[in-house]
Amino acid sequence: MDISLGLMIAATALYAGSVTVVAETRTTSRRAARTAGAGTAAVVAGVFLLMILLAHVAYPATWALGAAFAVVATHRTLRADLGARTAASTAVGVAALVAASFVFVSYLAPMALIGALGVYRLLRLGLTPRSALVAMGGSLSALLAAAAATFAVALSTM
């Protein structure tokens, strides 16, 4: 693992934890929100580190872990607003998109998903679920496009 990937993983985990703290502060105490944020950051960092470990063994396992993470993270984020069945079908669709993108942009695809889920959670504080979901879809598309452009630039400068 190079330093830039480590920094991106740390930034992604910090972002996920910070979004959790902001979103949870409205419904729980500050202490509980900070605990939830720390747990979220630890899980995000742990999943990425596990993906890196699996990449040394078998890349398809890394791809599968990325897809499984996308299903679980999306379902957990959307379940309260959309219901279990709708959240599950949405999570499978999002995971298919992230898994397909993972083939081209590797670790940037789950990072884009975390960014989009963060946008959803923050916008959900003031918007309806439908509006926040539309913004999440747009931000996921934009972040995946940015990831593809970043990866293309990185490959062209090698």
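Structural data are supplied above this passage.
Residues numbered from 1 in each chain as written. Predicted model: local features only at pLDDT ≥ 70, side-chain atom pairs only at ≥ 80, totals over all residues. Heavy atoms only, no water.

With that out of the way, let us pick up the overall build of the protein. Regarding its fold elements, the protein presents six helices and zero strands. Listing every helix and strand of the protein by position from the N terminus yields α-α-α-α-α-α. By the compact-globule yardstick of 15 Å for 158 residues, the protein fits well, its C-alpha radius of gyration being 15 Å. Taken over the C-alpha atoms alone, the protein extends approximately 45 × 30 × 25 Å along its principal axes. Per-residue burial for the protein yields a buried fraction of 36% across its 158 residues. By sequence separation, contacts in the protein at least 24 residues apart represent 64% of the contacts at least 6 residues apart. A total accessible area of about 8500 Å² is found for the protein, and carbon and sulfur atoms account for 71% of it. (Helix = DSSP H or I, 4+ residues; strand = E, 2+ residues; numbered from the N terminus. Rg over C-alpha atoms; globule rule 2.2 N^0.38 Å. Buried < 20%, exposed > 50% of the residue type's maximum accessible area, 1.4 Å probe, protein only. Contact = heavy atoms within 4.5 Å. Areas by Shrake-Rupley, 256 points an atom, 1.4 Å probe, with all protein chains shown as cover.)

On the surface, Y15, V22, L122 and L125 cluster together into a nonpolar patch covering about 290 Å² of accessible area. Among the secondary structure elements, V22 is positioned in helix 1 (residues 3–25). (Patch = residues over 30% accessible without salt bridge, like charges linked within 9 Å, V, L, I, M, F, W, Y side chains within 5 Å. Salt bridge = Lys/Arg side-chain N within 4 Å of Asp/Glu carboxyl O.)

Before going further, it helps to spend a moment on the environment of L117. With respect to the helices and strands, L117 occurs in helix 5 (residues 108–123). In sequence terms L117 and V47 are 70 residues apart; their C-alpha atoms lie 16 Å from each other. With near-sequence residues (within four places) excluded, L117 lies in contact with A73, T74, T77 and M136.

The interhelical angle for the contact between helix 5 and helix 6 (residues 129–156), taken along N-to-C directions, is 155°, at an axis separation of 8 Å. Between helix 5 and helix 6, the crossing angle belongs to the class labelled roughly antiparallel. In the crossing of helix 5 with helix 6, the sense of the turn from one axis to the other is right-handed. Across the interface between the two elements, L108, A109, A112, L113, G115, A116, L117, V119, Y120 and L123 of helix 5 pack against P129, A132, L133, A135, M136, S139, L140, L143, L144, A147, T150 and F151 of helix 6. (Axes fitted to C-alpha atoms, helices over the stretch in contact; angles between N-to-C directions. Parallel < 35°, antiparallel > 145°, perpendicular 65-115°, else oblique. Left-handed = near helix turned anticlockwise from the far one by under 90°.)

Let us now look at the nonpolar core. The biggest cluster of nonpolar side chains holds 36 residues, and the ones touching the most others in it are V44, F48, M51, Y107, L113, M136 and L140. Residue assignment for this core shows that the elements contributing at least two residues are helix 1, helix 2 (30–57), helix 3 (59–82), helix 4 (84–105), helix 5 and helix 6. A total of nine residues in this core trace back to one element, the largest contributor, which is helix 5. Contact partners of V44, with chain neighbours within four places excluded, come to T12, A13, A16, F69 and I114. (Core = buried A, V, L, I, M, F, W, Y, C linked by side-chain atoms within 4.5 Å.)

This part takes up helix 4. Taking 1.5 Å of rise per residue, the 22 residues of helix 4 would be expected to cover 32 Å, and the 30 Å separating its terminal C-alpha atoms lies within 8% of that figure. Taken together, the buried positions of helix 4 are occupied by A87, A91, V94, A95, V98, A99, S101, F102 and V105. Check the buried side of helix 4 and you find it contacts helix 2, helix 3, helix 5 and helix 6. Note on helix 4: the residue one or two positions beyond its end, S106, has a positive phi of about 55°. (Expected span 1.5 Å × (residues − 1).)

Right, let's get into the pattern of salt bridges. The tally for this structure, following the rule as stated, stands at two salt bridges. Where D81 meets R124, a salt bridge forms, and the shortest distance between an N and an O atom there is 2.9 Å. Within this pair, whereas D81 is found in helix 3, its partner R124 is found in the loop between helix 5 and helix 6, the two being separated by 43 residues in sequence.

With that out of the way, let us pick up the side chain of T74. Mapped onto the elements, T74 comes out in helix 3. Owing to a relative accessible area of 0%, T74 belongs among the buried residues under this scheme. Excluding anything up to four places from it in sequence, T74 contacts A91, V94, L113 and L117.

Geometric values such as these leave the question of function open.
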